[in-house]
Amino acid sequence: MIRKAVIPAAGLGTRFLPATKSMPKEMLPIIDKPIIQFVVEEAIASGIEDIIIITGRGKRAIEDYFDTSPELETHLLQNGKYELLREVKDISSLADIHYIRQKEPKGLGDAVLKAEKHVGDEPFAVLLGDDIIKADIPCIKQLMNLFEKYSKPMIAVEKVPKEKVSSYGIIKGREIEKSVYFVDDIIEKPPLEEAPSNIGTVGRYVFTPEIFDCITETPPGKGNEIQLTDAIRILIEEEDVYGYAFEGKRYDAGDKIGYVKAIVDFALERDDLKEEVARYIKR
Ligand code: G1P
């Protein structure tokens, strides 16, 4: 049973500068909901009760966001804005959220390692804040279901366009049942010529605690950072790892085009916005 999720949110957000100079990229909104809330809600909808967010300097806004906000709540109450009040209160009671700080931005692998003590000796989920995934069954739940069957680490994967291969962890895998790959190798952001496939890893993983030892052994890799992908590469020497081509639509909200697409698609699904937005786009 997977009860805990780690959400790394310590990255510097350089792709969204200057906006992210003084605000966490995870707080960028898709219309009126910050990206990180989609990820937290996905974990909760998958039955996860305990969420560990890895933060860093300049990320206080995330903690404030999931905390209560007495002044705001009083203001909304006094002004009769009950609907908004309910929404604001709901956010602070979403889940049991814990925060751990990564003192230096030493990479995704290092960020996950910070959760070791809190996770302890049980399997856990990792959800990256840049990926927003719309799916009937939450993407991480799909991986958790498969974990029940295989009891081995699971990585969400998706075919990516050739020109994007060098932006992803790429697997070399064999499809052993529909949409399930046995991972023979994994490489972080290879140049297209060196990529073993165009099957990219997406920001959803289920790990067993063994990954922590592998991260500890991982030397700095791409960008001089401790890469989670490199740690998985060590892990597959000892243990089977599977990739799963999940069902759903993924938005790379950490990329400008992906972010704009997410905003447009979400607007077109909202009753309060869709007609006017559709009309505007057509025009
Ligand atoms: C990270 C990982 C990469 C993975 C990607 C998925 O990269 O390092 O392996 O494919 O997330 O979104 P980032 O996008 O943070 O550069």
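Going by the structure above, here's the rest.
Everything numeric in this text was worked out from a predicted model, so none of it was measured.

**Q** Give a detailed account of the overall build of the protein chain, specifying residues and quantitative values.
**A** Along the backbone of the protein chain there are eleven helices and 13 strands. On C-alpha atoms alone, the protein chain measures out to a radius of gyration of 19 Å, which is about the 19 Å that the 2.2 N^0.38 rule sets for 283 residues. The principal-axis extents of the C-alpha atoms in the protein chain amount to approximately 60 × 50 × 40 Å. The burial tally for the protein chain puts 48% of its 283 residues in the buried class. Sequence-distant contacts in the protein chain: of pairs separated by 6 or more residues, those separated by 24 or more amount to 75%. Accessible area for the protein chain stands at about 14,600 Å²; split by element, carbon and sulfur atoms hold 50% of it. Separation between the mean location of the 40 positive side-chain charges and that of the 51 negative ones in the protein chain comes to 5 Å.

**Q** I'd like a rundown of unusual backbone geometry, residues and numbers included.
**A** At the junction of Leu17 and Pro18, the peptide bond is cis and its omega measures out at 5° in the coordinates. With phi around 65°, Ile31 is a residue other than glycine that occupies positive phi space. You can see Ile31 is positioned in the loop between β2 (29–30) and β3 (33–34). If you check the backbone angles, Asn224 has positive phi at about 60° while not being a glycine.

**Q** Tell me what's going on with the site of the ligand, and back it up with residues and numbers.
**A** The ligand sits among 13 residues. The nearest are Asp131, Gly169, Glu188, Lys189 and Thr201. Here an oxygen atom of the ligand sits 2.5 Å away from a polar atom, N or O, in the side chain of Lys189. Contact with the protein chains hides 83% of the accessible area of the ligand, taken as 380 Å² for the molecule alone. For the shell around the ligand, the class distribution of residues is three nonpolar, five polar and five charged.

**Q** Tell me about the nonpolar core, and name the residues and values.
**A** Ile36 and Ile53 are the most contacted members of the largest nonpolar core, which has 35 residues in total. Broken down by element, this core gets its largest block of residues, seven residues, from helix α7 (residues 139–150). When neighbours within four sequence positions are excluded, Ile36 is seen to be in contact with Ile7, Ala9, Glu26, Met27, Ile53, Ile62 and Phe66.

What counts and how
Numbering of residues begins from 1 in every chain and follows the order in which that chain's sequence is written. Thresholds applied to this predicted model are a pLDDT of at least 70 for local features of residues and 80 or more for the giving and counting of side-chain atom pairs; totals over whole chains, interfaces and linings are not thresholded and use all residues. As a convention, hydrogens and water are excluded, and side-chain values are obtained from all of the structure's heavy atoms. Secondary structure follows DSSP: runs of H or I at least 4 residues long count as helices, runs of E at least 2 residues long count as strands, and numbering of each begins at the N terminus. The globule rule used here is 2.2 Å times the number of residues to the 0.38 power, and the radius of gyration it is set against is calculated over C-alpha atoms. Buried means the residue's accessible area, taken with a 1.4 Å probe over protein chains only, is under 20% of the maximum for its type, while exposed means over 50%, and partly exposed covers the values in between. Contacts: residue pairs with any heavy atoms within 4.5 Å of one another. Surface exposure here means Shrake-Rupley accessible area, sampled with a 1.4 Å probe, where a residue is shielded only by the protein chains that are shown. Charge assignment in this entry is limited to Lys and Arg as positive and Asp and Glu as negative, and neither His nor the chain termini are counted. By convention, charge coordinates are those of NZ in Lys, CZ in Arg, CG in Asp, or CD in Glu. In this text, near means that some heavy atom of the residue lies within 4 Å of the molecule or strand in question. N or O atoms within 3.5 Å of each other form a polar contact, as long as, within protein, one can give a hydrogen and the other can take it, and as long as residues adjacent in sequence are counted only when both atoms are side-chain atoms. Note that Gly is not counted as nonpolar here; it falls among the polar residues with everything else outside the nonpolar set of Ala, Val, Leu, Ile, Met, Phe, Trp, Tyr, Cys and Pro and the charged set of Asp, Glu, Lys and Arg. In these notes, a set of buried Ala, Val, Leu, Ile, Met, Phe, Trp, Tyr and Cys residues joined through side-chain atoms within 4.5 Å is what counts as a nonpolar core.

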